[in-house]
Every structure is written in structure tokens, then in C-alpha cells.
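# Breakdown of the fold
Here is how the chains run, residue by residue.
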Amino acid sequence: MTEIEYLKKYLPKSDLDSGIRRLNNGEPVQYIVGNVDFFDLNFKVNENVLIPRFETEELVDKLIKYIKKYFNNKSLKILDIGTGSGCIAVTLKSKFSDSFVTATDISSEALEVAKENAKNNNLEVNFINSNLFENIKDRYDIIVSNPPYIAYDEEIMDIVKNNEPNIALFADNNGLYFYQEILKKSSQYLNQNSIIAFEIGEKQGLDILKIAKKNFPNSKIIIEKDLQKRDRFVFIFNIYDII
């Protein structure tokens, strides 16, 4: 579907001319329409949150399969760090309705969007304004994150850099900062049997693998590829009967 077809499908006819002008001025079509589908749910998006992408759907899909495999659908405690629109947290709550899902973000504006998305999808998620683990007190079975991972000197498309929130895109230390911080501190927020799941930049797999092995030397750690055959996900299994 082209962007014009997307506008025609989702915008009222009265807004179509304005939508096309905004599109021609370099605004993402998802922001113009105001929402995007993710799994079988619909999420509001605006300039305060990243636009959910197919790769993040893949992350959630893989994580759902691992949860079903290793936790046998029991009630879980799940933490989504840097939730943005809430697409990861809300989708996981929809798939594991008995689980307690917490989602954090440093941006209060992003959290307002995420709260609205949970409400619109009739799902209950616990939202916390927090810089990583700053305001987290609990322990979790699952920690999942799609953190900012683009290096400040990395070239990205203008439509992304000029429209989506830079706080959700860029990170220090060649894009590795948030992985380092999460992995350095996460052990004190995990239950004995647990999974950590990340979306990563396609060139970061080996670097994040080293960081993960340093902090979780006895865990099973794997890098998985996306549908384009690019390194895109890291999973850390702290489940002793599978290692």
C-alpha cells in the first residue's frame, strides 16, 4: 500500500487534501493518520512517540513464543523499559491477560500516549515515569526493551530524524548506552527464572553479546535475525532447566 493509498483508507475525505500536503512536507503518514496497527491492536501515535515498526512486532512475536515455551502460560510479572506508545506492553498484556505488566518511560508525554492506548484497547497496564530502573522496586519474570540505539553520528533518514522524538532514537557510546545500563542493573530486578529481550541495531549484536556475557556469564544468550536476515534481537535466558 502506498502512502497516498494509506491516507485515502484512513483519513476522512474532508482531511485528505491537508493530509497530502503534510505528507509532501515530509511528515510520516502514521502521524498524519494518528494511529497504526500493531499485531491485532490499534495504537495512537504522535510526535511524542516512535512509530511502531515491523521489527518490534517480530520482537514481541518471538518473546510471546518463548514465554509460552518456558513459562507454560503462568501468570507473569513483565517490565517494558522505554515503552513509548506502549505497543510492546499493551500487546503482551493482551496475550497474557493474567500477567501483571508494568511499562516505564522517561517521557511523561509518551506515557500519556501509552496510557491512552491501553485504555482504548481495554487493557490494564501499570505505567511508571522512570529513567530506566530509577522508580522500579519490584522483581520481574520478563524484562523487555526497545531502547534508543542509534549513535549520534549515524546517518538516518530525514523523515525519521526530523519528526520522531530524538530522545527515543539516539544513545551515547555508539548507541550501546542503554543496553549497558539495563544489563548492569537488571539482575536485582529479575526473578530467578527470567528472560531479557531486546531489539537492537543491526550492527550491535556482537557488542551487546559481550556486555550480556559480562553481566550474565552463566545464562544462555542468543542473537536472532529479523525477516531481512539482519541481527535484530538479543534474548537472555536465566532459566536454569534450559541452560
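Structure: above.
How each quantity is defined
All residue numbers refer to position in the chain's written sequence, counted from 1. In view of the model being predicted, local features appear only for residues whose pLDDT reaches at least 70, and side-chain atom pairs are presented and counted only at 80 or more, with totals across whole chains, interfaces and linings using the full set of residues. By convention in this description, side-chain values take in all heavy atoms of the structure and omit both hydrogens and water. For the purposes of this entry, the term helix denotes a DSSP run of H or I that reaches at least four residues, the term strand denotes a run of E that reaches at least two, and both are numbered from the N terminus. Our radius of gyration looks at C-alpha atoms and nothing else; its globule reference is 2.2 Å times the residue count to the power 0.38. The rule is simple: take the accessible area with a 1.4 Å probe, protein chains only, and divide by the maximum for that residue type; under 20% is buried, over 50% is exposed, in between is partly exposed. We call two residues in contact whenever any of their non-hydrogen atoms come within 4.5 Å of each other. Residue burial considers only the protein chains on display, and all accessible areas are found by Shrake-Rupley using a 1.4 Å probe. Residues scored as charged are limited to Lys and Arg (positive) and Asp and Glu (negative), so that His and the chain ends carry no count. Positions of charges follow a simple convention, taking NZ of Lys, CZ of Arg, CG of Asp or CD of Glu. The arc in question is traced by the directions running from the helix axis to the C-beta atoms. Two strands make a pair as long as DSSP finds a minimum of two bridges between them. Every axis corresponds to a line fitted to the C-alpha atoms, with the helix fit spanning only the stretch in contact, and the corresponding angles, defined between N-to-C directions, vary from 0 to 180 degrees. Within 6.5 Å between ring centres, the rings of Phe, Tyr and Trp (the latter by its six-membered ring) count as paired, and their orientation is classed by plane angle as stacked under 30 degrees, edge-to-face over 60, tilted in between. For a lysine, the NZ atom is tested; for an arginine, the CZ atom; a charge sits over a ring if that atom is within 6 Å of the ring centre and within 35 degrees of the ring normal. The span you would expect from a helix comes to 1.5 Å times its residue count less one.

### Focus: the overall build of the chain
- When helices and strands are counted, the chain shows nine helices and nine strands.
- Compactness check: the chain gives a C-alpha radius of gyration of 18 Å against a globular reference of 18 Å for 243 residues, within 12% of the reference.
- Across its three principal directions, the C-alpha atoms of the chain cover 60 × 40 × 35 Å.
- Counting only residues that meet the buried cut, the chain has 53% of its 243 residues in that class.
- Intrachain contacts of the chain at a sequence separation of at least 6 include 63% that bridge at least 24 residues.
- When the accessible area of the chain is evaluated, it comes to approximately 12400 Å², of which 45% is carbon and sulfur surface.
- Once the 31 positive and 36 negative side-chain charges of the chain are each reduced to a mean point, those two points are 5 Å apart.

### A look at helix α9 (residues 205–215)
- Three or more residues of α9 are buried, namely G205, I208, L209, I211 and A212. The arc that holds the buried residues of α9, viewed along the axis, is 165°, so those residues lie on one side. Turned more than 90 degrees from where α9 packs its buried face, L206, K210 and K214 sit exposed.
- The secondary structure elements touched by the buried residues of α9 are α8 (177–185), β8 (220–225) and β9 (231–238).

### What about the sheet that holds β8?
- Reading across the sheet, the seven strands line up as β5-β4-β3-β6-β7-β9-β8 and stay open at both edges, with mixed pairing between neighbours. Looking along the sheet, the strands with just one partner apiece sit at the ends: β5 (126–129) and β8. For this sheet the average axis-to-axis angle between neighbouring strands, irrespective of direction, equals 15°.
- By the bridge criterion, five bridges tie strand β6 (residues 140–145) to strand β7 (residues 190–199) in an arrangement that is parallel. Residue pairing for β7: I143 is matched across the bridge by I196.
- Where helix α6 (residues 108–120) meets the sheet, its contacts fall on β4 (100–105) and β5, and the angle it forms with β5 comes to roughly 175°.

### Examining the packing of aromatic side chains
- Taken as a whole and judged by the stated rule, the model has twelve aromatic pairs.
- Both rings, one in Y70 and one in F237, keep their centres 5.6 Å apart while their planes meet at 70°; by these two values the pair is edge-to-face. With a gap of 167 residues between them, Y70 in helix α4 (residues 54–71) and F237 in strand β9 connect regions that are remote in the sequence. There is no split in this pair, since Y70 and F237 are both buried.
- Aromatic side chains F133 and Y189 sit 4.4 Å apart centroid to centroid with 0° between the ring planes, which places their arrangement in the stacked category. Of this pair, F133 sits in the loop between β5 and β6 while Y189 sits in the loop between α8 and β7; the two residues are 56 residues apart in sequence, bridging distant segments of the chain.
- Overall, F133 belongs to the buried group, its relative accessible area being 4%.
- An aromatic cluster of at least three residues, connected via ring pairs, comprises Y66, Y70, F235 and F237.
- Positioned above the aromatic ring of Y140, the side-chain terminus of K77 is 5.9 Å from the ring centre.
- Here K220 stacks its cationic end above the ring of F237, 5.8 Å away from the centre of that ring.

### A look at α6
- The end-to-end C-alpha distance of α6 is 18 Å, a good match for the 18 Å that 13 residues give at a rise of 1.5 Å each.
- Those residues of α6 that fall on the buried side of the exposure criterion are A110, L111, V113, A114, N117 and A118. Angularly, the buried residues of α6 cover 160° about the axis, an arc narrow enough to put them on a single face.
- Of the surrounding elements, those touching the buried residues of α6 are β2 (41–44), α5 (87–95), β4 and β5.
- Trailing α6 by a residue or two, N122 shows a phi angle of about 55°, which is positive.

### Details of the environment of V36
- The topology assignment puts V36 in strand β1 (residues 35–38).
- In the structure, V36 is positioned 51 residues away from C87 in sequence and 9.9 Å away in space, judged by C-alpha atoms.
- V36 has contacts with Y6, Q30, L41, N42, F43, V45 and P52, leaving out every residue within four places of it along the chain.

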